[in-house]
Amino acid sequence: MSDLAILSGGGALPVMLSQAEPDAVRVVFEGVSHAMPEPVQLHSIAKMGGIWQALKDAGVTRVVFAGGLGRPALNPADMDAGMMSIAPRLMAAMQQGDDALLRLIVAVFEEQGFEVVGAHEVLPQICVPEGLFAGPEPDAALLKDAKKAQDILVALSPLDVGQGAVVAAGLCLGIETLQGSDALLRFVAETPPHLRRGKGVFVKMPKADQDLRMDMPAIGPDTVHSAAKAGLAGLVLAAHKVLMIDREATRQALEDSGLFLVGQVV
């Protein structure tokens, strides 16, 4: 058995990690949909002390979080002693942005003696590479739009708002918020034509000082399809700091749609 545990939420990423690390301990949570293959350990998020002890009993020293969990509703009556010990800090963090909550999760696992590693450390090849990945080379105007979107995200970074923005012909058509990239791209798709002067670019990058072990931005073929429906020309992503879920399906989606994808070091 590996010293690594995969703490799984929904989506394809946990499955990809389990394929890369077949001996890892697989942890799933009550009430959270997942696609993890058996064998798995099923735990309640409210019983954090039990999770820590089970991991230690299995010889786990490293943990990786992958997939969406959302913000669970916690009932104090269901909490074990371990969760009760961190509940005041947890409740305070939940009143802040995602960054504060994720940093707390890292901190409490580290306090228990676990090393928290990122999915990109387990699977480095799933990160967006630098340079043109697929599609036509973007022209100077599109790269200028991408730079403005990056500037917007840098300016908003201290407010912990989101990781994506769309700019077309110098105009900001949308900013990612708690609802995520798909919601942003649907919003852009609904923008009346008279408010648009060009196709535009979707930019995704981490916030400043974001802990990439817990919350690295991610895209996949669905993101490409949504960007195409929004009438965009392409995507500019932070190279080595954005996960690409299902690389070949993403490449095929780009080829089918005619969109470009560029990784830039930011």
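For clarity, every value in this text was computed on a predicted model and none was experimentally measured. (Residues numbered from 1 in each chain as written. Predicted model: local features only at pLDDT ≥ 70, side-chain atom pairs only at ≥ 80, totals over all residues. Heavy atoms only, no water.)

Explain the pairing of strand 8 (residues 171–175) here, please?
It is a general feature of regular strands that their side chains alternate between the two faces of the sheet. Note: strand 7 (residues 164–168) against strand 8, four bridges, orientation antiparallel. Considered in strand 8, the bridge of Val167 is made with Cys172. Linking strand 7 back to strand 8 in an antiparallel pair, the connection comprises two residues, with Ala169 at a positive phi of about 50 degrees. (Pairing = 2+ DSSP bridges. Helix = DSSP H or I, 4+ residues; strand = E, 2+ residues; numbered from the N terminus.)

In this structure, what is going on with helix 9 (residues 221–229)? I would like to understand it.
Since the α-helix turns once every 3.6 residues, residues separated by three or four places project in the same direction. Among the residues of helix 9, Pro221, Thr223, Val224, Ser226 and Ala227 are the ones counted as buried. Contact partners of the buried residues in helix 9: helix 7 (181–189), strand 9 (201–204), strand 10 (218–219), strand 11 (234–238) and helix 10 (247–257). Note on helix 9: the residue one or two positions beyond its end, Gly231, has a positive phi of about 75 degrees. (Buried < 20%, exposed > 50% of the residue type's maximum accessible area, 1.4 Å probe, protein only. Contact = heavy atoms within 4.5 Å.)

Got a minute to help me understand the packing of helix 7 against helix 9 in this structure?
When two helices pack together, you describe them by how their axes are tilted relative to each other and by the distance separating the axes. Where helix 7 meets helix 9, the closest approach of the two axes is 8 Å, and the angle between their N-to-C directions is 15 degrees. The orientation of helix 7 relative to helix 9 falls into the category roughly parallel. In the packing of helix 7 onto helix 9, the handedness of the crossing is left-handed. Residue-level contacts link Asp182, Leu185 and Ala189 of helix 7 to Asp222, Thr223, Ser226, Ala227 and Lys229 of helix 9. (Axes fitted to C-alpha atoms, helices over the stretch in contact; angles between N-to-C directions. Parallel < 35°, antiparallel > 145°, perpendicular 65-115°, else oblique. Left-handed = near helix turned anticlockwise from the far one by under 90°.)

Explanation requested: the side chain of Ser18 in the structure shown.
Looking at the element boundaries, Ser18 is found in helix 1 (residues 13–20). Residue class for Ser18 comes out buried when judged on its relative accessible area of 3%. A distance of 2.7 Å separates the side chain of Ser18 from the backbone oxygen of Val15, its partner in a polar contact. If near-sequence neighbours (up to four positions away) are discounted, Ser18 is found in contact with Ile6, Arg26, Met36 and Pro37. (Polar contact = N/O pair within 3.5 Å; in protein donor to acceptor, adjacent residues only side chain to side chain.)

Explain the packing of aromatic side chains to me, please; I cannot follow it from the model alone.
What characterises a pair of aromatic rings is the spacing of the ring centres plus the angle enclosed by the ring planes. If you walk through the whole model with that rule in mind, you get three aromatic pairs. Judged by centre distance (6.2 Å) and plane angle (85 degrees), the ring pair of Trp52 and Phe109 falls under edge-to-face. Of this pair, Trp52 sits in helix 2 (residues 48–57) while Phe109 sits in helix 4 (residues 98–111), placing them 57 residues apart in sequence. Residue Trp52 is classed as buried on the basis of its relative accessible area of 4%. (Phe/Tyr/Trp six-rings, centres within 6.5 Å; stacked < 30°, edge-to-face > 60°.)

I would appreciate a short explanation of the environment of Ala92 in the present structure.
With respect to the helices, strands and loops of the structure, Ala92 is situated in helix 3 (residues 81–94). Spatially, the C-alpha atoms of Ala92 and Leu104 are 10.0 Å apart, while their sequence positions differ by twelve residues.

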